[in-house]
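The primary structure of each chain is shown beneath.
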Amino acid sequence: MERYAKEIVEKAVRSLGAGQVDIEFEVPREEFGDLATPVAMALSKLLRKAPRKVAEEIVGAIEEKEVFERIDIAGPGYINFAFSKKYLISLTKELISLKEKFIRRDTGKGMRVQVEFVSANPTGPLHLGHGRGAAVGAALSNLLEAAGYSVEREYYINDAGRQVKLLGLSVFAKYQQQLGLEYPFPEDGYRGAYVEDLAGKIVAGHGSRYSEMSFQEAQDFFTDFSYKEMLLEIEKDLKDFGIVFNTWQSERELYAKHEIEKAIDDLMLRGRTYDKDGALWFKATDFGDDKDRVIRKSDGELTYFASDIAYHRKKIEKGFAEIIDIWGADHHGYISRLKAVIQALGYGPEHLTVLLVQMVSLLRGGKPVQMSKRAGEFVTLREVMDEVGSDTAKFIFLTRRPDSHLEFDLEVAKEQSAENPVFYVQYANARINSIFKNAKEKGIDVSGLEGSDFSLLSAGEEMRILKKLLAYPRVFESAAVSHEPHRITFYLQELTGLFHPYYNKYRIVTDETELTRARLALCEGVRIVLKDGLGILGLTAPEKM
RNA sequence: GCGCCUGUAGCUCAGUCGGAUAGAGCAACUGCCUUCUAAGCAGUGGGCCAGGGGUUCGAAUCCCUUCAGGCGCGCCA
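Residues numbered from 1 in each chain as written. Chains lettered and ligands numbered in written order. Predicted model: local features only at pLDDT ≥ 70, side-chain atom pairs only at ≥ 80, totals over all residues. Heavy atoms only, no water.

A look at the protein's contact with RNA strand B
At step 1: The full set close to RNA strand B counts 63 residues, and Tyr78, Tyr334, Arg400, Tyr427 and Ser434 are the nearest of them.
At step 2: Within 4 Å of the protein, atoms of RNA strand B come from sugar and phosphate in 64% of cases.
At step 3: Between RNA strand B and tyrosine 424 there is a distance of 2.6 Å, counted from a phosphate oxygen to a side-chain nitrogen or oxygen.
At step 4: Interatomic distance of 3.2 Å between a side-chain N/O atom of histidine 486 and a phosphate oxygen of RNA strand B.
At step 5: Tallying contributions element by element places helix 17 (residues 421–441) first for the surface near RNA strand B, with nine residues.
At step 6: Grouping the amino acids of the surface near RNA strand B by side-chain chemistry returns 28 nonpolar, 17 polar and 18 charged. (Near = heavy atom within 4 Å. Polar contact = N/O pair within 3.5 Å; in protein donor to acceptor, adjacent residues only side chain to side chain. Helix = DSSP H or I, 4+ residues; strand = E, 2+ residues; numbered from the N terminus. Nonpolar A, V, L, I, M, F, W, Y, C, P; charged D, E, K, R; others polar.)

Overview of the packing of helix 18 (residues 460–481) against helix 20 (residues 513–537)
When two helices pack together, their arrangement is given by the angle between their axes and by how far apart the axes lie.
At step 1: Two numbers describe how helix 18 lies on helix 20: the axes approach to 10 Å, and their chain directions differ by 30°. With respect to helix 20, the axis of helix 18 lies roughly parallel. Crossing of helix 18 over helix 20 shows left-handed handedness. Listed contacts from helix 20 to Glu462, Ile465, Leu466, Leu469, Tyr472 and Phe476 of helix 18 are Arg519, Leu522, Gly525, Val526, Val529, Asp532, Gly533 and Ile536.
At step 2: Across the contact of helix 18 with helix 20, the residue classes break down as nine nonpolar, two polar and three charged. (Axes fitted to C-alpha atoms, helices over the stretch in contact; angles between N-to-C directions. Parallel < 35°, antiparallel > 145°, perpendicular 65-115°, else oblique. Left-handed = near helix turned anticlockwise from the far one by under 90°. Contact = heavy atoms within 4.5 Å.)

Concerning the sheet that holds strand 6 (residues 247–250)
At step 1: Spatial strand order, 6-5-4-10-11: five strands in an open sheet with parallel pairing. On the outer flanks of this sheet lie strand 6 and strand 11 (352–357), each paired with one strand and no other. Strand-to-strand twist across the sheet, computed as the mean angle between neighbouring axes with direction ignored, equals 25°.
At step 2: Across six bridges, the pairing between strand 10 (residues 322–328) and strand 11 is parallel. Looking at the pairing, tryptophan 327 lines up with leucine 356 of strand 11. (Pairing = 2+ DSSP bridges.)

Observations regarding the pattern of salt bridges
At step 1: With the rule as written, the count across this model stands at 37 salt bridges.
At step 2: Between arginine 70 and aspartate 72 there is a salt bridge, with its nearest N and O atoms 2.8 Å apart.
At step 3: Here aspartate 240 makes a salt bridge to arginine 382, at a shortest N to O gap of 3.0 Å. Remark: arginine 382 occurs in helix 14 (residues 381–388) and aspartate 240 occurs in helix 9 (residues 215–240); sequence separation between them is 142 residues.
At step 4: Note on arginine 382: relative accessible area 25%, which makes it partly exposed.
At step 5: Salt bridges sharing common partners tie together Lys236, Asp237, Asp240 and Arg382. (Salt bridge = Lys/Arg side-chain N within 4 Å of Asp/Glu carboxyl O. Buried < 20%, exposed > 50% of the residue type's maximum accessible area, 1.4 Å probe, protein only.)

Below you can see the structure in the form of structure tokens.
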């Protein structure tokens, strides 16, 4: 509904000869109307006329008067629009018959986008911070896909570095110890209970077969076994959390397919590297990074950054129009060097978007829970899923801006469970479902509701719901372009915040068949939008609660 | 020391790229179930938008600065 209003106002402004102006709309407080624009105030300086005078001229130039019930000039120079009921009804009918097609404008036009998220090292189970990244990444992917982009959801597996080897060593040490042998546990080894479990599995499966070996001899087996087990667990956790990936990119594979050398050669050919002190450096400072970065150390080992270069080069080669990386905020220092890589490879820095998801501090009953993967102290995503439920956890993650710090109090999340906003939203869907069931039992025809007589909807609550429904495309669109799924979450709470009181005050299914059908149509609209929003957020839409 | 993020109701958080009287949930208190689901509804209270300067018709929002919290600054991964 905003799109059309915008065209109308744009036309009017143009006819005043004001040239190209970006027309902003906002949704004002109800008594002012449905849409408002401060454009006259912005123009007043340009045209050197009083804002209210400009507003009058704009209003005078508007031709499509029948769309609006009234157009007012108010305050310092706002133009407030109130749509005519007839226009609102025609749009609502479209919503009900066209469903998603009405909601979505094809902004993406099939452009390919990759969203990489979670990408936790397979050296331990996923913890709560990964859960936040997963919820946000999945929701963003869904959002972009719905907006017409072709989205690839990728998980990058760090299966090549020192960390997985350290996991292997940790398990090896526990294995020896479980067999009653002396073996020093590595200083900075992984200490979680899952390391014992991995060792136990090897003892159970292979007995003392590796007890006489040095780690040197056994490391391939221990490392591979351990990280692959962890990866299986991670995959299962994500699956149970309702997160789907399309591709899993292994770091080892980059090595195996010589992608690393190719990438380094590429940068060398482009003249973006140099040798110093026996090491190979990338000239990150050419593209605004603070310092140059080492690709190959003087001992010949490649750095982790070398893999990152190859990995991002591969993303580019796959031909994505935009690459989105979702990282924990503790990695923010790496943005500039990777943007430098993108540019060194000949692309604009905007080709890569890094979305930072801020840290999650975990509390239990107001007291902080220390999180350290190495020390084995952490609360896993699995535990949180079991304790508070996936939908609740996701909802908590998705009611915050990704870049705001999050305090996740397990006790509060559990206590609130009964009163949790997620249920409030889902409950509306269940309720509507129940209403339809009731209507069918009473023998009411619930098909072809877009053809019902909407003019029978006269209550203020009904018009308010209707307008809220029609505002959804705007919310959806803005959430997609700004990469902020949480806007959907808040919107759904507002929508259901209108629906529940309405339900409570009015009876939907009555003896008056036509009125019933009109109200059912309104419910149908709510249901369409609710399901769409919940789906994007990756939440279930239960039919019964 | 430098860089990034954050500071809004008792708590957890929104605030539509500068707009009208700053919002929601939770917590607290008072009422509502013979009627489509009470995971609901009606109502009450609650704020120097961390502090201070500036920019302009107009600032929670932009700039400067101070304070507080978090994170990051390796030939680590």
